[in-house]
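# Working through the structure, step by step
Here's the letter readout for the chains.
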Amino acid sequence: MGILQWFVMAALALVVFVVQVVALVDAARRPDRGYRAEGRVPKAGWLAILGVAAALGFLGLPQGWLQGGFMFGSFLNIIAVAPAIIYWVSLRPRLQSYGTGRKPRGPQGGW
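To start, this report covers the structure provided alongside it. (Residues numbered from 1 in each chain as written. Predicted model: local features only at pLDDT ≥ 70, side-chain atom pairs only at ≥ 80, totals over all residues. Heavy atoms only, no water.)

## Some points on the packing of helix α1 (residues 3-29) against helix α3 (residues 43-59)
Across the interface, α1 lies against α3 with an axial gap of 9 Å and an inter-helix angle of 160 degrees. Relative to α3, the element α1 is oriented roughly antiparallel. Seen along the crossing, α1 lies across α3 with a hand that is left-handed. For the pair α1 and α3, the contacting residues are Phe17, Gln20, Val21, Ala23, Leu24, Ala27 and Ala28 in the first and Lys43, Leu47, Leu50, Gly51, Ala53, Ala54, Gly57 and Phe58 in the second. Looking at the contact of α1 with α3 residue by residue, the classes come out as eleven nonpolar, three polar and one charged. (Axes fitted to C-alpha atoms, helices over the stretch in contact; angles between N-to-C directions. Helix = DSSP H or I, 4+ residues; strand = E, 2+ residues; numbered from the N terminus. Parallel < 35°, antiparallel > 145°, perpendicular 65-115°, else oblique. Left-handed = near helix turned anticlockwise from the far one by under 90°. Contact = heavy atoms within 4.5 Å. Nonpolar A, V, L, I, M, F, W, Y, C, P; charged D, E, K, R; others polar.)

Next up, the structure:
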């Protein structure tokens, strides 16, 4: 494998890992009531799914590729990106109306 091809694959693996971690952090910030209202899988279930996906994405990063584990790392990334995509495309848009659970939504009068 050439150095340019390795660099492109490493960059893609890093992007996939970042997307997975950001999805995990975003899912942790959303209130539990949103998960209960919008789906069958509770917040703890989504956090477990996205946590395992992020762990697999981490294992798919290039450190193992140097010892010949390139195909295994790519396979882990393909498997691990699916839950993050499902979260971003399907669940997150529905959870946005519930906010992050940390501050009230709506106008805040200060006068």
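## Points about the side chain of Lys43
With respect to the helices and strands, the residue Lys43 is situated in helix α3. An unpaired buried charge is present at Lys43: no salt bridge exists, and Asp32, the closest side chain of opposite charge, is 6.3 Å distant. At a separation of 2.6 Å, a polar atom in the side chain of Lys43 contacts the main-chain carbonyl oxygen of Arg30. (Buried < 20%, exposed > 50% of the residue type's maximum accessible area, 1.4 Å probe, protein only. Lys, Arg positive; Asp, Glu negative; His and termini not counted. Salt bridge = Lys/Arg side-chain N within 4 Å of Asp/Glu carboxyl O. Polar contact = N/O pair within 3.5 Å; in protein donor to acceptor, adjacent residues only side chain to side chain.)

## A closer look at a nonpolar patch on the surface
Together, Ile3, Leu4, Phe7, Val8 and Leu12 make up a nonpolar patch on the protein surface, roughly 560 Å² of accessible area in all. Along the chain, Leu4 turns up in helix α1. (Patch = residues over 30% accessible without salt bridge, like charges linked within 9 Å, V, L, I, M, F, W, Y side chains within 5 Å. Areas by Shrake-Rupley, 256 points an atom, 1.4 Å probe, with all protein chains shown as cover.)

## What about the pattern of salt bridges?
A complete count under the given rule lists three salt bridges for this structure. Here Asp26 and Arg92 are joined by a salt bridge, their closest N and O atoms 3.0 Å apart. Taken as a pair, Asp26 in helix α1 and Arg92 in helix α4 (residues 70-95) lie far apart in primary sequence, 66 residues in all. Residue Arg36 is joined to Asp32 by a salt bridge in which the shortest nitrogen-to-oxygen separation is 3.0 Å.

## Quick look at the environment of Ile85
Its location among the elements puts Ile85 in helix α4. Spatially, the C-alpha atom of Ile85 lies 8.5 Å from that of Gln20, the residues being 65 residues apart in sequence.

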